[in-house]
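Residue-level structural notes
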Amino acid sequence: MEYHDSEKANEVAGRVEDFLEEVVLPREREALATGERITMDEIEGFWEEAKERDLFAPQVPEEYGGQGLDFSDMLPSFEQVGRSLIGALAIRANAPQEGNMHTLEMVGTEEQKEEYLRPLVQGEISSAFAMTEPKQGGGSDPKMLQSTAVKDGDEWVINAHKWWTSDGLDADFYLTMVRTDLDAHPYSGTSIILVPADADGVDVVRNIPHVGGHGITEREGGHAEVKFDDVRVPVENTIGEENDGFQIAQMRLGGGRLTHCMRYSGMAERSLDVAKAYLSEREAFGTTLEEKQALRHRIADAETRLHAARCMVRHAARELDRSDARIEVAMAKLFTANVTQDTIDLALQCCGGNGIGKDLPIAHFYENVRAFRIVDGADEVHRRSIARWAFEDVDETEIENALQFDEGLRIDALDE
Ligand SMILES: Cc1cc2nc3c(=O)[nH]c(=O)nc-3n(C[C@H](O)[C@H](O)[C@H](O)COP(=O)(O)OP(=O)(O)OC[C@H]3O[C@@H](n4cnc5c(N)ncnc54)[C@H](O)[C@@H]3O)c2cc1C
């Protein structure tokens, strides 16, 4: 499918594809076949190779070691890396690192960028974003946030209980969302504070057991439960303006949702490619499976919906390069999460037992994609935002016309 992405976007994506075909996918296939995990040394080797090929961290400005692409131009490269279980990691465009880099780049001070962003891009350190809380804390409704930071002289004293903190097991710092003005509405009384993992009082409680594992690498990452007990950090560790946490999180999540859509679209496309290859080879009941109309129609529907999702993501990316594009991103995220889940499920079904087996990447994708309808806003939360927008500008004249029309109908009916 030709999307007429910009010349630059296509040029970089072409080189990303070569890198995947020549370096990453052969290693991925080997790891799937042997069950042997890819080591951190190997991943660092991918980073070096990606740097030599000018593909490293497409989303990061060149001055910090990336390729300086905007959302529209990074899109086809992110779709490409989504095709591999380790593609995004191999060019350092994986979540949540990529979103945290974006946050520091947008609102970090020069000192924070030097101390944290530069080494984060290079992979010398790792990060996590800690917003969600257990029990009656912040989740779908982030206004329920309960974690706090109180100023004591030139320090914040942080008490927080977070969970589902992705990559939280081996993070070197947490971008932690906490209430900093308890008298204000959470939207205007919350801040994001950078907490080094080795600060006194930080306790990584556990990796929350979850669907899917850490895939085919040795990397820990995980989705952690983390407690912050009277943790003291300098006030300068505030990210962006004090009490602007919600506005900053919104900026982070807008981009993060869309880059997730890009990677998951690639994942769904690869799953379909694998399934189509299987169907065209495998014979049953006198023909190849490719010839069964029941399957052909379902593949046609999956191709159509995936194409629609990729168009929506492109539109949202263009808008996000110009504005906050909240509704466009919400629609793209809601639609893509469902389409990619359905597509990967169909691909798995088409491959029979091989779909469940882990010689192929589909089973890993299947485990991975389910969370996409929950992370970065569950389906229902996005529907809520879209519906609010849909009813925002209800036209009074349209209501009157509709009511008169109804009345007219009733009168006509009585006349008869
Ligand atoms: C794999 C994974 C990784 C994650 N990574 C991170 C991370 O790095 N950092 C972080 O801070 N958080 C992270 N999260 C947390 C994630 O953002 C939350 O799980 C999500 O926002 C939902 O919050 P909750 O789990 O508290 O669900 P709840 O708020 O308890 O909601 C439960 C369900 O209720 C439904 N629902 C909610 N609101 C409505 C409504 N208005 N109308 C109808 N139905 C509704 C939805 O189906 C929702 O799934 C991660 C989660 C997962 C699973």
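Predicted, not measured: the structure shown is a model, and the values here were computed from it. (Residues numbered from 1 in each chain as written. Predicted model: local features only at pLDDT ≥ 70, side-chain atom pairs only at ≥ 80, totals over all residues. Heavy atoms only, no water.)

Before going further, it helps to examine the pairing of strand β5 (residues 190-196). The element β5 is extensively covered by neighbouring structure, given that seven of its seven residues are classed as buried. Going residue by residue along β5, you find Thr190, Ile192, Leu194 and Pro196 tucked away on one face and Ser191, Ile193 and Val195 tucked away on the opposite face as well. Taken together, the seven bridges between strand β4 (residues 173-179) and β5 define a ladder with antiparallel strand orientation. Looking at the pairing, Arg179 lines up with Thr190 of β5. As judged from the two bridges shared by β5 and strand β8 (residues 238-239), these two strands associate in the antiparallel manner. (Buried < 20%, exposed > 50% of the residue type's maximum accessible area, 1.4 Å probe, protein only. Helix = DSSP H or I, 4+ residues; strand = E, 2+ residues; numbered from the N terminus. Pairing = 2+ DSSP bridges.)

Time to look at the packing of helix α1 (residues 7-34) against helix α3 (residues 71-82). Direction vectors running N to C along α1 and α3 enclose 20°, while the axes themselves pass 8 Å from each other. One finds that α1 runs roughly parallel with respect to α3. With respect to the hand of their crossing, α1 and α3 are arranged in right-handed fashion. Across the interface between the two elements, Lys8, Ala9, Asn10, Val12, Ala13, Val16, Glu17 and Leu20 from α1 touch Ser72, Asp73, Pro76, Ser77, Gln80 and Val81 from α3. When grouped by side-chain class, the residues that make up the contact of α1 with α3 number seven nonpolar, four polar and three charged. (Axes fitted to C-alpha atoms, helices over the stretch in contact; angles between N-to-C directions. Parallel < 35°, antiparallel > 145°, perpendicular 65-115°, else oblique. Left-handed = near helix turned anticlockwise from the far one by under 90°. Contact = heavy atoms within 4.5 Å. Nonpolar A, V, L, I, M, F, W, Y, C, P; charged D, E, K, R; others polar.)

Sheet analysis places strand β3 (residues 155-166) next to strand β7 (residues 223-234), joined by nine bridges and oriented antiparallel. Following the sheet pairing, His161 is matched in β7 by Lys227. Sheet topology note: the strand β6 (residues 202-207)/β7 ladder contains five bridges and is antiparallel. Residue Asn207 lies in a different strand from β7, and its bridge partner there is Ala224.

Around the ligand, a shell composed of 18 residues is seen, among which Phe129, Thr132, Trp164, Ser166 and Glu380 lie nearest. Between Met131 and the ligand, the recorded distance is 2.8 Å, taken from a backbone N or O atom to an oxygen atom. Take Thr132: an N or O atom from its side chain is 2.7 Å from a nitrogen atom of the ligand. In the complex, the protein chains occlude 63% of the 980 Å² of accessible area that the ligand would expose alone. For the shell around the ligand, the secondary-structure elements that each account for two or more residues are β1 (127-130), β3 and α12 (379-392). By residue class, the composition of the shell around the ligand is nine nonpolar, six polar and three charged. (Near = heavy atom within 4 Å. Polar contact = N/O pair within 3.5 Å; in protein donor to acceptor, adjacent residues only side chain to side chain. Areas by Shrake-Rupley, 256 points an atom, 1.4 Å probe, with all protein chains shown as cover.)

Quick look at unusual backbone geometry now. The step from Ala95 to Pro96 runs through a cis peptide bond, and the omega angle for that step is 0°. Note on placement: Pro96 falls in the loop between α4 (87-90) and α5 (97-107). Look at Phe285: it is not a glycine, yet its phi comes out positive at around 50°. On the basis of relative accessible area, Phe285 is assigned to the exposed category, the value being 82%.

We now examine a negative patch on the surface. A surface patch of like charges, here negative, comprises Glu392, Asp393, Asp395, Glu396, Glu398 and Glu400. The greatest single-element share of the negative patch, amounting to three residues, is contributed by helix α13 (residues 396-415). Tracing the sequence through the fold places Asp393 in the loop between α12 and α13. (Patch = residues over 30% accessible without salt bridge, like charges linked within 9 Å, V, L, I, M, F, W, Y side chains within 5 Å. Salt bridge = Lys/Arg side-chain N within 4 Å of Asp/Glu carboxyl O. Lys, Arg positive; Asp, Glu negative; His and termini not counted. Charge placed at Lys NZ, Arg CZ, Asp CG, Glu CD.)

The next thing to look at is the packing of aromatic side chains. Taken as a whole and assessed by the stated rule, the structure comprises five aromatic pairs. Taking 4.3 Å as the distance between ring centres and 10° as the angle between the ring planes, the aromatic pair formed by Tyr264 and Phe372 counts as stacked. Taken together, the positions of Tyr264 in helix α7 (residues 245-281) and Phe372 in the loop between α11 (362-369) and α12 put the pair 108 residues apart, joining distant regions of the chain. Given a relative accessible area of 7%, Tyr264 falls into the buried group. Looking at Arg252, its charged tip hangs above the ring of Phe129, at a distance of 4.4 Å from the centre. Note that Arg314 overlies the ring of Tyr3, its terminal NZ or CZ placed 4.0 Å from the centroid. (Phe/Tyr/Trp six-rings, centres within 6.5 Å; stacked < 30°, edge-to-face > 60°. Lys NZ or Arg CZ within 6 Å of the ring centre and 35° of its normal.)

Judged by side-chain polarity, Phe391, Val394 and Ile399 come together as a nonpolar surface patch covering roughly 300 Å² of accessible area. Along the polypeptide, Ile399 turns up in helix α13.

Moving on, we come to the domain arrangement of the protein. Looking at the protein, the domain boundaries give domain 1 (7-94), domain 2 (127-239) and domain 3 (247-392). Distance from the C-alpha centre of domain 1 to the C-alpha centre of domain 2: 29 Å. Every contact between the two is made by 13 residues of domain 1 and, on the other side, seven residues of domain 2. It is Arg37, Ile38 and Met40 in domain 1 that bury the most area against domain 2; as a group they hold 53% of the surface buried on that side. In this structure, the connection of domain 1 to domain 2 is made through zero salt bridges. (Domains from an automatic or database assignment. Buried area = accessible area lost by both parts, 1.4 Å probe.)

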